[in-house]
Amino acid sequence: MLTSHTDDQTLESGSPEPQPLSLTLLIADDSSSDRLILKAIVQAQGHRFIEAIDGEDAVAKFVQGKPDIVLLDAIMPRLDGFEAARQIKQLAGEDNVPIIFLTALNDAESLAKCVSVGGDDFLSKPYNPIILQAKIKAFDRMRRMHKTLQRQRDQISESNKQLLREQYVAKSVFDNVAHRGCLEARNIRYLISPLSIFNGDVLLACQKPSGDLHILLGDFTGHGLSAAIGAMPLAELFYGMTAKGYSLRNIVSELNQKLTFILPDGFFCCACLLALKFELNEIETWMGGLPDSFLLRGDQLLRVKSNHLPLGILKTESFDPSTYLLEMNRGDRFYMWSDGIVETTNSDGSFYGDERLAALVSQHISADDLFARIKQDVLDFSGDSKPTDDLTMLELTMMSEQELGITKPAQALATRRGPKRWELTYRLQDDSLANFDPVPLLLQMIVEVPGLRRHSGQVFTIISELYNNALDHGVLGLESALKSSPDGFARYYQVREERCQQLCEGYIHIHITHADDGKGGLLRLRFEDSGAGFDYQAKLAAIDAVTSAGVSAAANNYSGRGLSLLKNLCTRMEFEGVGNIIEVDFEWCG
Amino acid sequence: MSADFPHVDDDIIAELQDLMAGDFEVLVSTFISDSTTRLQEIKQTLESSDPADFGKACHSLKGSATNVGVVRMAELCRQGELKGRQADWQGVTDILEEIETEFELIAELLQSKV
């Protein structure tokens, strides 16, 4: 904060009539009788004086005595007044030391010379005390004003330096916190061109433990530092929660709550959050206040509209974290941007606009270099007129997780002090089932086991699958076959949403145990739901048949995938009861 | 034409007496001794070959003469200054003599005002 600078040094507004002040005047005149007269006048006005008998003396006395105003005879021996004035002005530097020439000269040329060498005024002989007094007063006022200006200028320049120092520090902190995450993944292209040191636009990407990719594009109100400052808690939360496996809904709710709390009125963050789900070939979106995003599915352009207010406006009670789920297959692309793109103006002041953007995208919908084309087109459009907003754009392509080329950050060395033998029972029931996602919480507990954090991706996948199966197919009774019909994808989520809202009875009972064996351990998870169960024997047989027929998992349908994934990750998978109980073992090593 | 000017400007004298109060006497004696020196300097410039020096010397005396209100002497100095500036040696000795005569006169006049 910059308070230290404004406490006691508030910028002065020049007071109308300063208190008469005793000034020091340098009187340089080679005539002693003239000096006597001047001294008498100056003293009568309450000022102090320093005498000099010629030009050289005047310069020397100026240096010694630092007078406020100099009275200088024009014609003097050794060094005349003109040359003395030149030297004095040079010595005074940026201080305003008025020089009044004392002169018996009265031709215009000589008087002009007085001014051209740096004199500020002249006083003709015979001296008139009243005129001299008026001049001294006028120059004193000017001198004070100049001093005030100098002080204010110094304050401003000091504040500015301070500000830059602080910005520099803030910038490095900012860059560490709001780092780019895994934006360098092979399926991402992005453009981020800030208008000032700090960017009002944020672009963050991070992998969940499951391998799914979370992306956030945020556009804060304004530009520069004030806009960027909100990006830090945003990034912290986004990275922290994503790494812990929270869902997009949870994250967006937290972000909104945080920003609503910290941002002043009138400040908010337009945002688009994405979850790219590689296993499911889905993209989940939450958009608030940004221009339409485009999903390019084959040669189809689908618009994804912002159906929410920006983050940081609504209180948690009225905030809606609901997301869209869209099918997105290998090679499909998703484009999102801040309004800097569509609001780029040309020299005529007209906007680049959404229509032009959509037309360009439609025209080159299959072009590999579409991203570069858009960027070039926007820049060509703006021509010589510089962008007035941060320009941010991102292209996201669906590919397999293995192709992303993301190097996972080295996990911190697992602490040896965590719990190794424990068991946990967790029961979630009734409407809590629809409103709360316990997976991140459970994951946090589990990865406290020394060494197990390294396997958090697999553990996350196992718990998510178990929980989602228990909730969707167990408690909510959804038929997974629904998804495989042509428009079943959307239908499935619609029905799911409806049943969640109606849910008032039901439970999921979770029991987890862990036992170490020195090198690793055994994690046993048992999930029981209140659903009607299913014919698990038939399903397991189907999975086995598919596997033995050598059909790749990718060709499998949704219904089988959850179980076949579990079967792959776990050393044991068994159903009990009517199929409403499942127990799996995850054995891990090192 | 210098005869058109009074020897002293009484208003200026009155103002100075007022301003200097007890120091008026010091002012008069300072002016007289200063001017005596300056007259010597003017005389010396006649021996030099540069009329500008003569003009400058006259200019200096003119300044202090103006300030103490001895108007006719100031006018004579102005004429001498002009000669110097025009590099005109003609009649400079006459002017110098006139200044000296005028100086003797006003010196007495000023002392009488003390």
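To be clear, the structure that these remarks concern was listed above.
In this report, we go over the structure that sits alongside the text.

Here is what the cut-offs are and how they apply
- As a convention, each chain's residues are numbered from 1 in the sequence order in which they are written.
- Throughout, the order in which chains and ligands are written sets their labels, letters from A for the former and numbers from 1 for the latter.
- Predicted model: local features are reported for residues with pLDDT of at least 70 only, side-chain atom pairs are reported and counted for 80 or more only, and whole-chain, interface and lining totals are derived from all residues.
- Here the side-chain values reflect all heavy atoms present in the structure, with hydrogen atoms and water set aside.
- Each helix is a run of H or I in the DSSP string that is no shorter than four residues. Each strand is a run of E no shorter than two, and both are numbered from the N terminus.
- Only protein chains enter the accessibility calculation, which uses a 1.4 Å probe; a residue whose area is less than 20% of its type maximum is buried, one above 50% is exposed, and one in between is partly exposed.
- Throughout, a contact is declared for two residues whenever any of their heavy atoms are within 4.5 Å.
- Reported accessibility uses the Shrake-Rupley method at a 1.4 Å probe radius. Residues are deemed covered only where the shown protein chains occlude them.
- Within the patch definition used here, like charges are joined within 9 Å and nonpolar side chains (Val, Leu, Ile, Met, Phe, Trp, Tyr) within 5 Å, considering only residues with over 30% relative accessible area and no salt bridge.
- We define a salt bridge as a side-chain nitrogen of Lys or Arg found within 4 Å of a carboxyl oxygen belonging to Asp or Glu.
- Nonpolar core, defined: a set of buried Ala, Val, Leu, Ile, Met, Phe, Trp, Tyr and Cys residues in which side-chain atoms within 4.5 Å join the residues together.
- When DSSP finds two or more bridges between a pair of strands, those strands are recorded as paired.
- To define axes, lines are fitted to C-alpha atoms, for helices over the stretch in contact only, and angles between the resulting N-to-C directions are given on a 0 to 180 degree scale.

With that settled, the discussion passes to the overall build of chain B. Helix and strand content of chain B: five helices and zero strands. In chain B, the succession of α and β elements from N to C terminus is α-α-α-α-α. Per-residue burial over chain B gives 47% buried out of 114 residues. Considering only contacts within chain B whose residues lie at least 6 apart along the sequence, 71% involve residues at least 24 apart. Carbon and sulfur atoms form 48% of the exposed surface of chain B, whose accessible area is close to 5600 Å².

Our focus in this paragraph is a nonpolar patch on the surface. A cluster of nonpolar side chains, A:Tyr168, A:Val169 and A:Val173, forms an exposed patch at the surface whose accessible area comes to about 320 Å². Mapped onto the fold, A:Val169 is located in helix H5 (residues 129-177).

The subject of this paragraph is the nonpolar core. Counting 49 residues, the largest nonpolar core has A:Leu71, B:Val70 and B:Met73 as the members making the most contacts within it. Among the elements that line this core, the one with the most residues is helix H5 (residues 92-113) of chain B, at eight residues. If we skip the residues at most four places from it in the chain, B:Met73 touches B:Phe31, B:Ser35, B:Leu61, B:Ala65, B:Ile99, B:Glu102, B:Phe103 and B:Ile106. Counting 45 residues, the second largest nonpolar core, distinct from the first, contains A:Tyr467, A:Ala470, A:Leu503 and A:Tyr536.

So, on to unusual backbone geometry. Residues and elements named next belong to chain A. With an omega of 0 degrees, the peptide bond running from Lys125 to Pro126 counts as cis. With respect to the secondary-structure elements, Pro126 resides in the loop between strand E5 (121-124) and H5. Phi is positive for Lys66, close to 45 degrees, though the residue is something other than glycine. Here Lys66 is to be found in the loop between helix H2 (55-65) and strand E3 (69-73).

The subject of this paragraph is the pattern of salt bridges. Residues and elements named next belong to chain A. Under the defined criterion, the tally for this structure stands at 43 salt bridges over all chains. Residue Arg189 is joined to Glu395 by a salt bridge in which the shortest nitrogen-to-oxygen separation is 3.1 Å. Placement of the pair is Arg189 in strand E6 (residues 188-193) and Glu395 in strand E15 (residues 391-397), with a sequence separation of 206 residues. On the accessibility criterion, Arg189 (37% relative accessible area) is partly exposed. Since its relative accessible area comes to 2%, Glu395 is described here as buried.

Let us look at the sheet that holds E15(A). Sheet strands pair by backbone hydrogen bonding; their relative direction is either parallel or antiparallel. Residues and elements named next belong to chain A. Taken together, the five strands give an open sheet; going across it, the order is E6-E15-E14-E11-E12, and neighbouring strands pair in antiparallel fashion. Two strands lie at the open edges of the sheet, namely E6 and strand E12 (300-304), each paired on one side alone. Ignoring strand direction, the axes of neighbouring strands in this sheet form an average angle of 15 degrees. Looking at chain direction, strand E14 (residues 333-337) and E15 are connected through five bridges and run antiparallel. By the bridge assignment for E15, Met336 is matched with Leu394.

Looking now at the side chain of A:Lys39. Residue and element names in this part refer to chain A. Within the element layout of this structure, Lys39 appears in helix H1 (residues 32-44). By relative accessible area, Lys39 is classed as buried at 16%. Those residues within four positions of Lys39 in sequence are excluded, and the remaining contacts are Ile27, Phe49 and Glu51.

So, on to the pairing of strand E7 (residues 201-207) of chain A. Moving residue by residue along a regular strand, the side chains alternate between the two faces of the sheet. All names here are of chain A. Of all seven residues that make up E7, seven are buried, and the element is covered over most of its length. Of the two faces of E7, both are covered, the one formed by Asp201, Leu203, Ala205 and Gln207 as well as the one formed by Val202, Leu204 and Cys206. Both E7 and strand E8 (residues 213-220) contribute to a ladder of seven bridges, which runs antiparallel. Residue pairing across strands places Cys206 opposite His214, the latter belonging to E8. Once E7 ends, the chain turns through five residues before running back antiparallel as E8, passing Gly211 with a positive phi of about 100 degrees.

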